[in-house]
Amino acid sequence: MPNIFDYFDYHKYLMDYYKERKAAQPFFSYRYMSQKLDIDAGYLVKVFQGKKNISIDSVPKFIDLLKLNKKEGKYFELLTHFSKSKTNEEMTEYFEKLLPFT
């Protein structure tokens with residue numbers, strides 16, 4: 001599976017994760033993921049494409065499905081905040097929190 005610490009965009013990480021998992025397990029699909037995450041499959045595809053963001057409430061579900069350890073999960077959570085940043089100050093704040101992980 002891809003190393004989450006190599007990413008600054010969780011959308012790209014999710015897409016790479018999906019591709020690797022799908023190659024290893026053909027049953028793995030957007031529909032399978034959406035059922036496990038309790039998210040609409042169409043919405044999930046838009047998340048993977050970078051057109052939509054996941055909600056903060058769904059972050060723990062993603063962490064569980066992706067089988068991320070505590071450190072990886074915290075990084076994933078910070079990536080979601082970084083991606084949703086609306087101001088330069090917010091973006092800088094979350095970027096600085098991500099740096100120690102890399």
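Since this is a predicted model, take the numbers as computed values, not measurements.

Enquirer: So what's going on with the pattern of salt bridges? Which residues, and what values?
Expert: A side chain with one charge can pair with a side chain of the opposite charge if their charged atoms come near. Per the stated rule, a full pass over the model turns up two salt bridges. Two residues, Asp16 and Lys12, come together in a salt bridge whose shortest N-O distance is 3.0 Å. Of this pair, Asp16 and Lys12 are both found in helix 1 (residues 10-24), four residues apart, which corresponds to roughly one turn of the helix. Since its relative accessible area comes to 16%, Asp16 is described here as buried. With its nearest N and O atoms 3.3 Å apart, the salt bridge here joins Glu93 to Lys97. Taken together, the residues span about one helical turn, with Glu93 and Lys97 both in helix 6 (residues 88-98) at a distance of four residues. Take Glu93: its relative accessible area is 36%, and that puts it in the partly exposed class.

Enquirer: How would you summarise the packing of helix 5 (residues 70-84) against helix 6 if you had to cite specific residues and measurements?
Expert: Two quantities define a packed helix pair, namely the angle between the helix axes and the distance between the axes. With their axes 9 Å apart at the nearest point, helix 5 and helix 6 run at an angle of 160° to one another. By the angle between their directions, the pair helix 5 and helix 6 is classed as roughly antiparallel. In this structure, helix 5 meets helix 6 at a crossing whose hand is left-handed. Counting all contacts with helix 5, which are made through Tyr75, Leu78, Leu79, His81 and Phe82, the residues of helix 6 involved are Met91, Tyr94, Phe95, Lys97 and Leu98.

What counts and how
For every chain, the first residue of the written sequence is number 1, and numbering continues from 1 along that sequence. Local features in this predicted model are restricted to residues of pLDDT 70 or higher, and side-chain atom pairs are both shown and tallied only at a pLDDT of 80 or more, whereas totals for entire chains, interfaces and linings draw on every residue. Side-chain numbers come from the whole structure's heavy atoms, not from hydrogens or water. By convention in these notes, a salt bridge is any Lys or Arg side-chain nitrogen within 4 Å of a carboxyl oxygen on Asp or Glu. The helix and strand labels rest on DSSP assignments: H or I over at least four residues marks a helix, E over at least two residues marks a strand, and numbering proceeds from the N terminus. Only protein chains enter the accessibility calculation, which uses a 1.4 Å probe. A residue is then buried if its area is under 20% of the maximum for its type, exposed if over 50%, and partly exposed in between. Axis definition: a line fitted to C-alpha atoms, limited for helices to the stretch in contact. Angles are taken between N-to-C directions and run from 0 to 180 degrees. When describing relative orientation, an angle under 35 degrees is termed roughly parallel and one over 145 degrees roughly antiparallel, while 65 to 115 degrees is termed roughly perpendicular and anything else oblique. Handedness of each helix crossing follows the sense of rotation of the near helix against the far helix: counterclockwise by less than a right angle gives left-handed, clockwise gives right-handed. Residue contacts are defined here by distance: any two heavy atoms, one from each residue, within 4.5 Å place the two residues in contact.

Taken by themselves, the reported measurements are silent on function.
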